[in-house]
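For reference, the chains in residue letters:
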Amino acid sequence: MKHHTLLHLLLASLLASIIRPCIGGDGDNLYDVCPSDAANQKMFFNGYPCKAPSDVAASDFKSSLLGSAGDTDNFYRSSVTLATAAEFPGLNTLGLSAARTDMDVDGMVLPHAHPRASEMMFVRAGMVAAGFVDSTNQVFQKRLGEGEVFVFPKGLLHFCFNAGFEPATIFSVLNSQNPGIASVSGAMFGGKGMMEKLKAVSMEDLNGVSSVELFGE
């Protein structure tokens, strides 16, 4: 009986060690650093293999991906550049990624979600309206100026648009090295028409307004 109890405890501990990283976000790093070696990946598993310690260099921890504005010459007049561990080796196993969003006047980023990460955005330039929709279809929206910060909770649909009269730039940090992007098609979420309705109330703070009341759907 005692041996069965010990075996059950060992199995429970093993199961907990497997499940914990799955439900608690990215797993903890087992090394000081682990720059990704994605180019030489031969197997597919949860994350990227590490470079050999002798190949790690200071350049693995620097990226210029977010240094320049993206191309906003498109229908939505916006651009999002995402730096994950796939493009920025030094992020591997650190549970972080970063993004840059550029929006021309009247530019917008349609509703989308990051299934594996929360996002904190910082307005570098311009005036922006940002918001999210919670699981009860309540809309929370705030107008942000230069230097202000807004948080999108993990897994919730969120959006932003230029609420000013000059180009806007946003930098974001996400708490996963691979946050994922789940986009919602225009047909499913009202597309640009929905964003125009949000723009119409961009001077107001939306503190849990029903999406049915706001969009009439």
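- As named in an unreviewed UniProt entry, the protein is Germin-like protein, taken from Salvia splendens.
- UniProt lists a comment for the protein under the heading Function (unreviewed entry), and it reads "May interact with bacterial adhesins thereby protecting the reproductive tissues from microbial attack. Has no oxalate oxidase activity."
- What UniProt records for the protein under Subcellular location (unreviewed entry) is the sentence "Secreted, Extracellular space, Apoplast".

### What to know about the nonpolar core
Line of reasoning, step 1. Counting 14 residues, the largest nonpolar core has Met-103, Met-121, Val-128, Ala-130, Phe-150 and Cys-160 as the members making the most contacts within it.
Line of reasoning, step 2. The element that contributes the greatest number of residues to this core is strand β5 (residues 128-133), accounting for 3 residues.
Line of reasoning, step 3. For Phe-150, the contacting residues outside a window of four places in its chain are Glu-119, Met-120, Met-121, Ala-130, Gly-131, Phe-132, Phe-140, Lys-142 and Leu-144.

### Notes on the packing of aromatic side chains
Line of reasoning, step 1. Scanning all chains against the criterion turns up 4 aromatic pairs.
Line of reasoning, step 2. When the ring of Phe-132 is compared with that of Phe-140, the centres are 5.3 Å apart and the planes differ by 20 degrees; the resulting orientation is stacked.
Line of reasoning, step 3. Taking relative accessible area as the criterion, Phe-132 reaches 13% and is therefore assigned buried.
Line of reasoning, step 4. On the basis of relative accessibility, which here comes to 28%, the residue Phe-140 falls in the partly exposed class.
Line of reasoning, step 5. Members of the aromatic cluster, connected to one another through ring pairs, are Phe-132, Phe-140, Phe-150 and Phe-152.

### What about the environment of Asn-162?
Line of reasoning, step 1. Mapped onto the secondary structure, Asn-162 falls in strand β8 (residues 157-162).
Line of reasoning, step 2. The class of Asn-162 is buried, set by a relative accessible area of 3%.
Line of reasoning, step 3. When the C-alpha atoms of Asn-162 and Met-103 are compared, they prove to be 6.2 Å apart, with 59 residues separating the residues in sequence.
Line of reasoning, step 4. Dropping the residues within four chain positions of it, Asn-162 is found in contact with Met-103, Asp-104, Val-105, Asp-106, Gly-107, Met-127, Pro-167 and Ala-168.
Line of reasoning, step 5. A polar contact is formed between the side chain of Asn-162 and the backbone oxygen of Glu-166, at a distance of 2.8 Å.

Criteria and thresholds
- Residues numbered from 1 in each chain as written.
- Predicted model: local features only at pLDDT ≥ 70, side-chain atom pairs only at ≥ 80, totals over all residues.
- Heavy atoms only, no water.
- UniProt positions renumbered as here; feature names shortened; annotations may be inferred.
- Core = buried A, V, L, I, M, F, W, Y, C linked by side-chain atoms within 4.5 Å.
- Buried < 20%, exposed > 50% of the residue type's maximum accessible area, 1.4 Å probe, protein only.
- Helix = DSSP H or I, 4+ residues; strand = E, 2+ residues; numbered from the N terminus.
- Contact = heavy atoms within 4.5 Å.
- Phe/Tyr/Trp six-rings, centres within 6.5 Å; stacked < 30°, edge-to-face > 60°.
- Polar contact = N/O pair within 3.5 Å; in protein donor to acceptor, adjacent residues only side chain to side chain.

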